[in-house]
Amino acid sequence: MIEILSSMSGSVWKIEVKENDVVEEGDVLVILESMKMEIPIESTHSGVVSAIKTSEGEFVQEGDVLVQITTD
């Protein structure tokens, strides 16, 4: 299981995936908003989204788990 972490503090502006989606390395999973900038959070591995640990509008801290991915 791979955990995708927030790279900075900010609000979750948009979640681009759903549970059970197949993702490739480099796919945008979540977009954070901080200081009027949009920061895409990309997948570090290919696999299947097993859990989304945040919701749109939620404020997250650097290092918080956003998405979990199951790899083969």
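Our structure's up above, just so we're on the same page.
Residues numbered from 1 in each chain as written. Predicted model: local features only at pLDDT ≥ 70, side-chain atom pairs only at ≥ 80, totals over all residues. Heavy atoms only, no water.

Novice: Before we move on, can you summarise the side chain of serine 6 with the specific residues and values?
Specialist: Structurally, serine 6 can be placed in the loop between β1 (2-5) and β2 (10-15). Taking relative accessible area as the criterion, serine 6 reaches 4% and is therefore assigned buried. Reaching out from serine 6, the side chain makes a polar contact with the backbone oxygen of methionine 8 at a distance of 2.4 Å. In contact with serine 6, not counting residues within four places along its chain, are Leu32, Val60, Gln61, Glu62, Gly63, Asp64 and Leu66. (Helix = DSSP H or I, 4+ residues; strand = E, 2+ residues; numbered from the N terminus. Buried < 20%, exposed > 50% of the residue type's maximum accessible area, 1.4 Å probe, protein only. Polar contact = N/O pair within 3.5 Å; in protein donor to acceptor, adjacent residues only side chain to side chain. Contact = heavy atoms within 4.5 Å.)

Novice: Go over the sheet that holds strand β3 (residues 22-23), please, and point to the residues and values.
Specialist: Ordered in space as β1-β8-β6-β3, the four strands form an open sheet in which the pairing is antiparallel. Two strands lie at the open edges of the sheet, namely β1 and β3, each paired on one side alone. Across four bridges, β1 lies against strand β8 (residues 65-70) in antiparallel orientation. From the neighbouring strand, glutamate 3 faces β8, where its bridge partner is glutamine 68. (Pairing = 2+ DSSP bridges.)

The values are spatial; any link to function lies outside them.
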